[in-house]
Amino acid sequence: MVVVGAGSVGATYCYALAQSGMANEIVITDKNEELAQGQVSDLVHGQPFFPTVIIRQGSPKDYSDANLIVVTAGAAQKPGETRLDLLKKNAAIVGSVAEEVAASRSQGVMLIVTNPVDVLTWVALKRSGWERNRVIGSGTVLDSARFRHFISTHCNVDVHNVHAYILGEHGDSEFAAWSMTNIGGIGIDNYCPLCNACQGWKKERMNIEKQVRESAYHIINAKGSTHFAVGLALVKITASVLRSQNSVMTVSVLLNGEYGLSDVCLSVPSVISDAGVVRIVAGPLAPEEMLLLNHSAEVLKNAIASLG
Ligand SMILES: NC(=O)c1ccc[n+]([C@@H]2O[C@H](COP(=O)([O-])OP(=O)(O)OC[C@H]3O[C@@H](n4cnc5c(N)ncnc54)[C@H](O)[C@@H]3O)[C@@H](O)[C@H]2O)c1
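All figures in this text were calculated on a predicted structure; none of them were measured in a lab.

Draft legend 1. Quick look at the layout of surface pockets. Of the volumes computed, that of the largest pocket is approximately 900 Å³. The wall of the largest pocket is formed by 45 residues, among which Gly-5, Thr-72, Ala-73, Gly-74 and Thr-114 lie closest to the centre. Elements represented by at least two residues in the lining of the largest pocket include exactly helix 1 (8-20), helix 2 (33-44), helix 3 (87-103), helix 5 (141-155) and helix 7 (201-223). Looking at the lining of the largest pocket element by element, the count peaks at five residues for helix 3. Taken together, the residues of the lining of the largest pocket sort by class into 18 nonpolar, 21 polar and six charged. Val-141, Ser-144, Ala-145, Arg-146 and Arg-148 are, among the 22 residues lining the second largest pocket, the residues nearest its centre. Those elements that provide at least two residues to the lining of the second largest pocket are helix 5, helix 8 (228-242) and strand 12 (247-249).

Draft legend 2. Structural context of the pattern of salt bridges. Under the counting rule described, the total for this entry stands at nine salt bridges. Here Glu-99 ties to Arg-127 by a salt bridge, and the two come within 2.7 Å at their closest N and O atoms. Of this pair, Glu-99 sits in helix 3 while Arg-127 is found in helix 4 (residues 117-128), placing the two residues 28 residues apart along the sequence. You can call Glu-99 partly exposed: its relative accessible area is 40%. Between Asp-189 and Arg-205 there is a salt bridge, with its nearest N and O atoms 2.9 Å apart.

Draft legend 3. A look at the site of the ligand. Taken together, 25 residues are adjacent to the ligand, and Ser-8, Val-9, Asp-30, Val-113 and Ser-138 come closest. One nitrogen or oxygen atom from the main chain of Val-9 is found 2.8 Å from an oxygen atom belonging to the ligand. Measuring from an oxygen atom of the ligand, one finds a side-chain N or O atom of Asp-30 at 2.6 Å. Here the ligand has 860 Å² of accessible area as a free molecule, and 85% of this is covered by the chains. Judged by the proximity of its atoms to the pocket grid, the ligand belongs to the largest pocket.

Draft legend 4. Fine view of the sheet that holds strand 11 (residues 186-187). Here three strands make up an open sheet; going across it, the order is 7-10-11 and the pairing antiparallel. Of all the strands in the sheet, just strand 7 (162-163) and strand 11 have a single pairing partner and so form its edges. Taken together, the two bridges between strand 10 (residues 182-183) and strand 11 define a ladder with antiparallel strand orientation. Paired with Asn-182 across the two strands is Gly-187, which belongs to strand 11.

Draft legend 5. Inspection of the packing of aromatic side chains at higher detail. Summed over all chains, the structure comprises one aromatic pair. Centre to centre, the rings of Phe-147 and Trp-178 are 5.0 Å apart; their planes meet at 80°, and the pair counts as edge-to-face. Here Phe-147 is found in helix 5, whereas its partner Trp-178 is found in the loop between strand 9 (175-176) and strand 10, with 31 residues between them in sequence. Among the residues examined, Trp-178 registers a relative accessible area of 14% and is labelled buried. It is Arg-134 that lies over the ring of Trp-130; its NZ or CZ is 3.8 Å from the centre. When the ring centre of Trp-178 is taken as origin, the NZ or CZ atom of Arg-205, which lies over that ring, is 5.0 Å away.

Draft legend 6. Up close: helix 3. Look at helix 3: 24 Å from first C-alpha to last across 17 residues, which is about the 24 Å you get at 1.5 Å a residue. Listing the buried residues of helix 3 in full gives Leu-87, Asn-90, Ala-91, Val-94, Gly-95, Val-97, Ala-98 and Val-101. Directly after helix 3, the chain includes Arg-105, whose backbone phi takes a positive value near 65°.

Criteria and cut-off values
Residues numbered from 1 in each chain as written. Predicted model: local features only at pLDDT ≥ 70, side-chain atom pairs only at ≥ 80, totals over all residues. Heavy atoms only, no water. 1 Å grid on protein atoms, 1.4 Å probe; cavity = no way out; pocket = protein on both sides within 12 Å on 5 of 7 lines; lining within 4 Å. Points joined across faces, edges and corners; volume = space filled by probe spheres on them. Helix = DSSP H or I, 4+ residues; strand = E, 2+ residues; numbered from the N terminus. Nonpolar A, V, L, I, M, F, W, Y, C, P; charged D, E, K, R; others polar. Salt bridge = Lys/Arg side-chain N within 4 Å of Asp/Glu carboxyl O. Buried < 20%, exposed > 50% of the residue type's maximum accessible area, 1.4 Å probe, protein only. Near = heavy atom within 4 Å. Polar contact = N/O pair within 3.5 Å; in protein donor to acceptor, adjacent residues only side chain to side chain. Areas by Shrake-Rupley, 256 points an atom, 1.4 Å probe, with all protein chains shown as cover. Sits in = over half its atoms within 2 Å of the grid points. Pairing = 2+ DSSP bridges. Phe/Tyr/Trp six-rings, centres within 6.5 Å; stacked < 30°, edge-to-face > 60°. Lys NZ or Arg CZ within 6 Å of the ring centre and 35° of its normal. Expected span 1.5 Å × (residues − 1).

As far as function goes, none of this settles anything; it's purely spatial.
As structure tokens, then:
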């Protein structure tokens, strides 16, 4: 597999992926070749401590054999800058990488991480000319993990027993799909009265959702970028592609009539295998959630239109 972009996110992802034992070979490229070489050297010196894997510096020539191409190349979000501010800068970078990947005749899956990820997934899809299942965005996989973390802490329940999804844009218009949220198999609307440990669960839910939405801003203000949790989210997506695990994750995918939406990429629960998205699980949403999904789609369509 090939990682394009050896910055904070790309390098952290490679570090986590190497330790996971999921990949046979990790090829790292960056327009800053010295940086890519430095990251490769730093990683290979750790080889005695993780499962056997080849890690090397590469180039676009490596796209043709790759089963997965992960694009983290671009500018990082600056303090105070919204994800949509980055749009034009990063559309040019991701668009040209997507064209090079398509020209290589790779049969793999392209995973876009660069922000704003939903719009750039759409750009990569159009510029590559690939089928929609093979061009996916990391979408709200990270946000859904944050959501699970905050519910787990609030309810004092193991995060692994919390099933919960953030849908829509990976950004300000994202929303919590409370109707799909369950703890230990019990829907949240039934769980809260059973638990009865907090006062006013409706207000608590709004606080949790706000914490999820504002997480990236807080972390970027504190340390300049987010990379640990996103690196792990990318390993989870990678595992599902490399091992055809059919995991259900909220990746960003082109909608083609699902939920009544078309020609926009956003996050909805999808089954991921070696062919990319093999099924969109377009389950029913509550009426207020449908409104929020439509709002996200509108925000993203406007952003796509602003590309001209
Ligand atoms: N989708 C998510 O959940 C999520 C989470 C965190 C960060 N991100 C995004 O990931 C991207 C990378 O973040 P980062 O912190 O690693 O940034 P970074 O600045 O540390 O790294 C980006 C790297 O891309 C390289 N690059 C730029 N143009 C290139 C090109 N044309 N070809 C090859 N390499 C190129 C740069 O040299 C740099 O090393 C950003 O857009 C950020 O907003 C997404």
